[in-house]
Amino acid sequence: MSCASATLAVWASAWLAGAAAPDDVLDALAPWSDAHDVLAADSASSALTGMPAPGERPTSLALLLAAVRRGGPRGHARLVLAAPGDVRGLPGPGGFSREATTTGEGVLFTDAGFGVVPSPIADGVVRWTVYAVPDSGPVPEYVALNEAERELRGQVRNAAAAIADLGVARHRPGVREEIAASLRRRPRALWPDGMPPQALRVLQQADEVDAILSAAAGDDPGGALSASAAVARSDALRPIATAVRVARRAAVGEAVRVLVSVPRT
């Protein structure tokens, strides 16, 4: 789904550019969890950012934002969406890259020299773990939003075909209602004023395709796929999942570009 990392990347960038207040960033993250806390991954990350080290009492998102401001007052955030075999946008080997790949998301504050990865640690609690990232790596490939949107639309057709080929609808006749219910359960993301309409549209389309992916990836009730069928399903759905990640990165990247480029009075 449009993830907590996307929300933080957009809102933190808007805040650094003077288009939002710190409380706006915190309010935007509230739908993703009842509570958020912050902890450094290791002593080096703690020394760099001032965030508590492992074993210490976690701190708040407000103090994380303060660390972002200290480290890169004129910078902006980069959304990272990674998966095994798709490491575009990652800074290279290290704790941040490893955990962002495991969880599927993260945010890089390249000017500040660190990144954060969210993960649920308890019911209603998300922890943002801070990793020192001394080298943010090469600038990620640029994907035009129009191109990402066209590809995503094509993958909508592929997703529908995949459901038919995999027999999801046949074995689960209520799958369309299941997809609609999945979308309704997802947190309603909040976005700043001035968010590009096309970026919003692409993020919504990505959520819809992702809900279809989740339905297609689920096992039939009371049954399990054979190993060969599971491999076939994974192969069929992989390019669709990749298109969703590309579209979300492109949409967030365009939103950040627009929000930080608007002159402030």
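Procedures and definitions
Residues numbered from 1 in each chain as written. Predicted model: local features only at pLDDT ≥ 70, side-chain atom pairs only at ≥ 80, totals over all residues. Heavy atoms only, no water. Core = buried A, V, L, I, M, F, W, Y, C linked by side-chain atoms within 4.5 Å. Buried < 20%, exposed > 50% of the residue type's maximum accessible area, 1.4 Å probe, protein only. Helix = DSSP H or I, 4+ residues; strand = E, 2+ residues; numbered from the N terminus. Contact = heavy atoms within 4.5 Å. Phe/Tyr/Trp six-rings, centres within 6.5 Å; stacked < 30°, edge-to-face > 60°. Pairing = 2+ DSSP bridges. Axes fitted to C-alpha atoms, helices over the stretch in contact; angles between N-to-C directions. Salt bridge = Lys/Arg side-chain N within 4 Å of Asp/Glu carboxyl O. Parallel < 35°, antiparallel > 145°, perpendicular 65-115°, else oblique. Left-handed = near helix turned anticlockwise from the far one by under 90°. Nonpolar A, V, L, I, M, F, W, Y, C, P; charged D, E, K, R; others polar. pLDDT = per-residue confidence, 0-100. Expected span 1.5 Å × (residues − 1).

## Details of the nonpolar core
Argument step 1. Residues Leu8, Leu64, Phe109, Phe114, Val116, Trp128 and Val252 are the most contacted members of the largest nonpolar core, which totals 60 residues.
Argument step 2. In terms of residues, this core owes the most to one element, helix H10 (residues 227-261), which gives 11 residues.
Argument step 3. Here Phe114 is in contact with Leu48, Thr49, Leu64, Ala67, Val68, Leu108, Phe109, Val130, Tyr131, Ala132 and Val133, once residues within four sequence places are set aside.
Argument step 4. Listed in part, the nine residues of the second largest apolar core include Phe96, Leu108, Val117 and Val133.

## Looking at the packing of aromatic side chains
Argument step 1. Here the structure, examined in full by the defined rule, presents two aromatic pairs.
Argument step 2. On the basis of an interplanar angle of 70° and a centroid distance of 6.4 Å, the ring pair of Phe96 and Tyr131 is categorised as edge-to-face. In this pair, Phe96 is assigned in helix H5 (residues 95-103) and Tyr131 in strand S5 (residues 125-132), connecting sequence segments 35 residues apart.
Argument step 3. Note on Phe96: relative accessible area 2%, which makes it buried.
Argument step 4. Given a relative accessible area of 11%, Tyr131 falls into the buried group.
Argument step 5. A centroid spacing of 5.7 Å and a plane angle of 50° characterise the contact between Phe109 and Phe114, whose relative ring orientation is tilted.

## Focus: the sheet that holds strand S3 (residues 106-109)
Argument step 1. Across the sheet, which stays open at both edges, the five strands sit in the order S1-S5-S4-S3-S2 with mixed pairing between neighbours. Every other strand in the sheet has two partners, leaving strand S1 (35-40) and strand S2 (78-80) as the edge strands with one partner each. Taking each pair of neighbouring strands and ignoring which way they run, the sheet shows an average axis angle of 30°.
Argument step 2. Helix H1 (residues 4-16) rests against S2, S3, strand S4 (114-122) and S5 of the sheet, and its axis sits at about 25° to S3.

## What about the pattern of salt bridges?
Argument step 1. Following the criterion strictly, the structure yields 10 salt bridges and no others.
Argument step 2. One salt bridge connects Asp37 with Arg127, and the closest N-O pair in it is separated by 2.8 Å. Here Arg127 lies in strand S5 and Asp37 lies in strand S1, a separation of 90 residues in the sequence.
Argument step 3. Residue Asp37 is classed as buried on the basis of its relative accessible area of 14%.
Argument step 4. Residue Glu99 pairs with Arg98 through a salt bridge whose shortest N-O separation is 3.8 Å.
Argument step 5. Here Glu99 falls in the partly exposed class, since its relative accessible area comes to 27%.
Argument step 6. One continuous salt-bridge network, built from bridges that share partners, spans Asp86, Arg88, Glu141 and Arg245.

## Section: the packing of helix H2 (residues 22-29) against helix H4 (residues 61-71)
Helix packing for two helices is described by the angle between their axes and how far apart those axes are.
Argument step 1. At a closest axis distance of 10 Å, the pairing of H2 and H4 adopts a crossing angle of 130°. Taken together, H2 and H4 sit at an angle that is classed as oblique. For the crossing formed where H2 meets H4, the hand is right-handed. Residues Pro22, Val25, Leu26 and Leu29 of H2 lie in contact with H4, whose contacting residues are Leu61, Ala62 and Leu65.
Argument step 2. Among the residues making up the contact of H2 with H4, the classes are represented as seven nonpolar, no polar and no charged.

## Some points on the confidence of the model for the protein chain
Argument step 1. In this model, the protein chain carries a mean pLDDT of 87, and residues with pLDDT of at least 70 account for 86%.
Argument step 2. Confidence scores differ between elements of the protein chain, with helix H7 (residues 168-171) showing the lowest mean pLDDT of 54 and S5 the highest of 98.

## With respect to the pairing of S3
Argument step 1. Judged by which residues are buried, S3 turns out to be covered on both faces: Gly106 and Leu108 on one side and Val107 and Phe109 on the other are all buried.
Argument step 2. As defined by bridge partners, S2 adjoins S3 across three bridges and the pair is classed as antiparallel. The residue of S3 that forms the bridge with Arg78 is Leu108.
Argument step 3. Bridging between S3 and S4 involves three bridges; their strand directions are antiparallel. Its bridge partner being in S4, Val107 is matched across the sheet by Val116.
Argument step 4. Taken together, S3 and the strand that follows it, S4, pair antiparallel across an intervening segment of four residues, in which Gly113 is found at a positive phi of about 80°.

## A word on H1
Argument step 1. Under the 1.5 Å per step criterion, the end-to-end length of H1 is 18 Å for 13 residues, consistent within 8% with the ideal 18 Å.
Argument step 2. Across the 13 residues of H1, 13 count as buried, placing the element largely inside the fold.
Argument step 3. Just past H1, the residue Gly18 takes up positive phi, approximately 85°.

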